[in-house]
Amino acid sequence: MEIFDQKLSVIRRKGILTVPKYNPAEIEPRWQRFWAENKTFKTPEEATGEKLYVLDMFPYPSGDGLHVGHPEGYTATDIVARQARMEGKSVLHPIGFDAFGLPAEEHAIKTNTPPRVSTERNIKNFVRQLKMLGFSYDWDREISTTDVAYFKWTQWIFLVLYDTWFDHEQQKGRPIAELPIPEDVRAEGETVVRTYQDEFRLAYQSNALVNWCPALGTVLANEEVSDGLSQIGGHPVQRMPLRQWMLRITSYADRLEKDLDSVDWSDGIKKLQRDWIGRSTGAEVDFFVGSEDDMSDWKAVRGQTGFPRKPSSEVLRIYTTRPDTLFGATYMVISPEHELVQSLTTTARKAATEAYCEAAAIKSDRDRQDEKRTKTGVFTGSFAINPINGKQIPIWIADYVLASYGTGAIMAVPAHDGRDFEFAKMYQLEITPVIKPPAKADVDVEAVLAGKKCFLGNGNGINSNQYDGLETQEFKTRIIADLEQSGVGRAAVNYKLRDWLFSRQRFWGEPFPILHEIDGHGIKTGMMRAVEVTELPIDLPYIEDFKPHGRPEPPLEKADDDWLYPVIDGVKYKRETNTMPQWAGSCWYYLRFIDPHNDQAFVDPGLEKQWMPVDLYIGGAEHAVLHLLYARFWHKVLYDRGYVHTTEPFQKLVNQGMILGDVEFTGYRNTDEKWVSADQVSEDENKKFVLEADNSLVHLVKLDPEQAEKRDDGFVLKSDPSIRIDSRAYKMSKSRGNVVNPDEIVADYGADSLRLYEMFMGPLEQAKPWSMAGVNGVRNFLDRVWRMVVDEKNEEFAVNPAITDDEPSDAQLRMLHKTIKAVTDDTHSLDFNTAIARMMEFVNYFTKEAKRPRELMSQFILLLSPFAPHIAEEIWKLLGGADTLAHESWPKYDEALTVDSNVEIPIQILGKVRSKIMVPRGLSKDDLEAAAMANEKIVQQLVGKHVSKVIVVPDRLVNIVAN
RNA sequence: GCCGGAGUGGCGGAAUUGGCAGACGCGCAUGAUUCAGGUUCAUGUGCCCGCAAGGGCGUGGAGGUUCAAAUCCUCUCUCCGGCACCA
């Protein structure tokens, strides 16, 4: 507030408030009202001509309001949208709110208000702030995922998922009615057929191990857990078996990976998604568990029947990416949760394995990792037979094998797998090398061959009978073919991606449109049915107490019987009481924006064709995997079922970089309050700062920039240059107290300054530190723009006397056309920082000109308008423009006027600039060389030297090689 | 540990993709205007030597390719972000 207040108070004191100084506090709300009243940014009904769908990742309306990170992406899209409208494109630029989910509910619990009330209040505040920043959204299309009219269609899409199975042959989702039913299943009757169908649906229930978070009172998706802690709140998460809704995203893993090729996203984000999907190829192999005598019988049968779809009870099935190391498998490991744990454990080993598995079950993921990965395990007492060489090998249980990946069991090849190697060392298990490292590999080949070192790379087979000498790739192909031939193995693909755990035990989410059949005693029969589409939406019931309670029954269990037990055709059902996770609403909101008020369909097919795909999608990188993967999955299902016409929803994706707090200087003092050099301080495990030398505690002291001084490659204390200090920008956080509030910036400098500053800070995708001085800098620029056109000395709001209707000079015209070209190109390529720099150069030039042609000023104002729309509208009107400039044509430039007629050419001798000459643009190579060689300074410099070569690049430089 | 991204003045950052390093902004300095200034205007501002003309050095570090390297290659250091026993 200070700066602005001071300026105003000075003006007020002098009683000359009428003086037309640039005053955003007055201008900006006025224009915002104008745009709202005139619906200036209404989306055209039909997308005629070229269309552009520019989308922001819609915000989660937290109680804290916008932080300065939001307007960064929003300003970028707003500039693109405003420019595109002026270029005559049909623009769809909407906004909405992602308002379901945990944080809203946590907040509701804390403040003891129903989530709908606090959510609506928060949205109101967000809308106020967004409007205050002058974004050109079509407010008629505002949506919230919590609106009943919206989540009706979220529920409808869930029913589409429920009604779809994935046909792996066609790689396509199809209606469940088209699922082929095997004769034997059909023969068993209706109930069995329905159960069979339920096994194939994209939305299904499963009793899998889930991430249960007692503190949040809900299960969480794998993606929402990191380091064994919930991403929201950082609470510990346990694994426990619970019946949950899952979405079969793994069926789409291949397409989710392949289709990344077709979208315009950064390589970094694509890689993040690919890694998350984590596709790997290898083989599944069955190891016979039994006596060596029965082994040959088993092999004979397998040779006949081939490899069965599901493993029979006498085998242990494993997955490996290295079937070429099969001869090196010296033991096997199953996870503690593996279904064969009991049957494989011998009586003698029972106590030991039970103790181990129990311990593993109680351990949270967090605890498992805390043990610094020292491998533990226990022998089952059983042996399996390696199908390739008939060798008996022991079967172990260890928690370094995950139940949820592959088959939950592995063949251990300690010679060529780091984890197996470590485990084998620990328990003195056999190590048999089967790969000879290539000569160029950077390893101790002798040690590898002696089983003393582990080698992970490719090489040539050894100790592998008929495969000896084969190179890894060749080896894999051959052995997989042979395994398939003999029916003991087959090629297989695996993904790190797991099916998506889709239900939550919370109140504030979309209810599932699913009914469970119950018998006369109120017990679920296991049969369920979808709510009829005509019965949608299923609204949340009113519940007095919606708080979670640390037990897995959802809060909706406490709903009234009316809601909980509907009766249809005389049959009593119980509603599903889990709710959907926050991601549900954000999986398809971009489609709803196209047709937000349609109550007949989630989107009109004709409109969908006109507007999809999203041409530009901007948001934070924190959504690089979760939201984007989920939304792409839903979109593909909708595509398969014919509801949308593109395979991918978001054509171009840009992630804005994080805005960090202002740069801070920090020094350290020891317990005696003596300064300690920062390079001797480090953080210990408890995040405490200690002196490296003796681990004694030191504390952090925030320093004023005045106390710091640059020395070599860092900063030191001015008062004692032997003390080094840290200088860094930190992530904004309440605890650090470096959060910048957009409301305050708008009050102090104006919305246009905030917009302009955030775009001027640096490249959009880069992390950048905030600087108040920088905001002041762009405000100065807008002040200069104002004075360039407005007469500040006049008491009326009038144009500056320098504004003329005279013809512009050649130099002025070139300045304008250069600026138009640069701003146009830079804006298209999202290089907003350099676009603004070019506009600053324009203003620097014209404020020095005594005559400023009106037409040139108008053209410039149009260029400025997407960046700083309020001041631009105001000046546009003063210059005689009508109504609003929002739909004026974007300025065009004459290519011939974007270059100067003369160019300055540096002349180098051995790469060092020795002179410069002015020559006409386009001067020929020979003429340029002659001009350079004739230059006085060059002639002097070349005295006594021999010119061996002259490099001439027309319009650029001359380099003389002389010595 | 693995995978990404980045290192350029006191600071944020530019650099037509191999062609004058430091555009633009902040900061700082000097001067003018002003009762006053976090006003406005003008000039200067990478570092070192020099009164100057001029010269030398300079894009994290070391080497290389080239007439020419912030940009390409090899090695290396630092910082930021993500993933983390996925067989």
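Not measured: the values here are computed from a predicted model. (Residues numbered from 1 in each chain as written. Chains lettered and ligands numbered in written order. Predicted model: local features only at pLDDT ≥ 70, side-chain atom pairs only at ≥ 80, totals over all residues. Heavy atoms only, no water.)

What to know about helix H2 (residues 24-38)
For an α-helix the count is 3.6 residues per turn, leaving residues at separations of three or four pointing the same way. The condition that has to hold: Here a strand is any run of E in DSSP of at least two residues, a helix any run of H or I of at least four, and the numbering for each starts at the N terminus. Each residue after the first adds 1.5 Å to the expected span of a helix. When accessible area is computed with a 1.4 Å probe and restricted to protein chains, residues below 20% of their type maximum are described as buried, those above 50% as exposed, and intermediate ones as partly exposed. Note: the arc covers the axis-to-C-beta directions of the helix.
Between its terminal C-alpha atoms H2 stretches 21 Å, which fits the 21 Å expected from 15 residues at 1.5 Å a residue. Among all positions in H2, only Pro-24, Ile-27, Glu-28, Trp-31, Gln-32 and Trp-35 are buried. Buried residues along H2 cover an arc of 125 degrees about the axis, so they all sit on one side. Among the exposed residues of H2, those pointing more than 90 degrees away from its buried face are Ala-25, Ala-36 and Glu-37. Backbone geometry just downstream of H2 places Lys-39 in the positive-phi region, at approximately 45 degrees.

Comments concerning the protein's contact with RNA strand B
What counts, and what does not: Near is defined per residue: the residue qualifies when any heavy atom it owns lies within 4 Å of the molecule or strand. Residues adjacent in sequence count toward polar contacts only when both atoms are side-chain atoms; beyond that, a polar contact is any pair of N or O atoms within 3.5 Å, and within protein one must be able to donate a hydrogen and the other to accept it. Gly is placed with the polar residues, together with every amino acid not listed as nonpolar (Ala, Val, Leu, Ile, Met, Phe, Trp, Tyr, Cys and Pro) or charged (Asp, Glu, Lys and Arg).
Around RNA strand B, a shell composed of 56 residues is seen, among which Thr-321, Arg-419, Lys-496, Arg-498 and Lys-916 lie nearest. Here, RNA strand B places atoms within 4 Å of the protein, and 64% of those atoms are sugar or phosphate. Within the side chain of Glu-841, an N or O atom sits 3.5 Å from a sugar or linking oxygen of RNA strand B. Arg-956 has a polar side-chain atom sitting 2.6 Å from a base oxygen of RNA strand B. In terms of residues, the surface near RNA strand B owes the most to one element, helix H27 (residues 832-846), which gives 6 residues. A per-class count over the surface near RNA strand B returns 22 nonpolar, 14 polar and 20 charged.

Quick notes on the side chain of Gln-129
By the element assignment, Gln-129 lies in helix H5 (residues 115-132). Judged by relative accessible area, Gln-129 falls into the buried class, the value being 1%.

Description of the sheet that holds strand S23 (residues 500-501)
Test applied: One requirement defines pairing of two strands: DSSP has to find at least two bridges between them. Only heavy atoms matter for contacts: two residues are in contact if any of them lie within 4.5 Å across the pair. Note on definitions: angles span 0 to 180 degrees between N-to-C directions of axes, and those axes are lines fitted to C-alpha atoms, for helices only across the stretch in contact.
Across the sheet, 3 strands lie side by side as S7-S13-S23; this open sheet has antiparallel pairing. What marks the edges here is a single partner per strand, and that holds for strand S7 (203-206) and S23. Packing against the sheet, helix H6 (residues 148-162) makes contact with S7 and strand S13 (244-247), and its axis sits at approximately 80 degrees to S13.

A look at the sheet that holds strand S29 (residues 653-656)
Pairing is parallel in the open sheet, where 4 strands are placed in the order S2-S1-S28-S29. This sheet does not close on itself; its edge strands, each paired only once, are strand S2 (90-92) and S29. Neighbour to neighbour, the strand axes of the sheet diverge by 20 degrees on average, direction disregarded. As paired strands, strand S28 (residues 616-620) and S29 are joined by 4 bridges and run parallel to one another. By the bridge assignment for S29, Gly-620 is matched with Gln-656.

Focus on the environment of Phe-151
Looking at where Phe-151 falls in the secondary structure, it is placed in helix H6. Its relative accessible area of 0% is what places Phe-151 among the buried residues. Each C-alpha atom of the pair Phe-151 and Ile-538 lies 8.7 Å from the other, and the pair is 387 residues apart in sequence. Beyond its immediate sequence surroundings of up to four residues, Phe-151 is in contact with Phe-100, Arg-116, Thr-145, Thr-146, Glu-510, Pro-511, Ile-538, Asp-539 and Leu-540.

Quick look at the pairing of strand S27 (residues 571-575)
As judged from the 3 bridges shared by strand S24 (residues 514-518) and S27, these two strands associate in the antiparallel manner. Looking across to S27, one finds that Leu-515 is bridged to Arg-575. The sheet contact formed by strand S26 (residues 567-568) and S27 spans 2 bridges and is antiparallel. Following the sheet pairing, Ile-568 is matched in S27 by Val-571. Connecting the antiparallel pair S26 and S27 is a turn made up of 2 residues, with Asp-569 showing a positive phi of about 50 degrees.

Here's the deal with helix H28 (residues 854-864)
With 9 of 11 residues buried, H28 lies mostly within the body of the structure. For H28, the complete set of buried residues consists of Leu-856, Met-857, Ser-858, Gln-859, Phe-860, Ile-861, Leu-862, Leu-863 and Leu-864.

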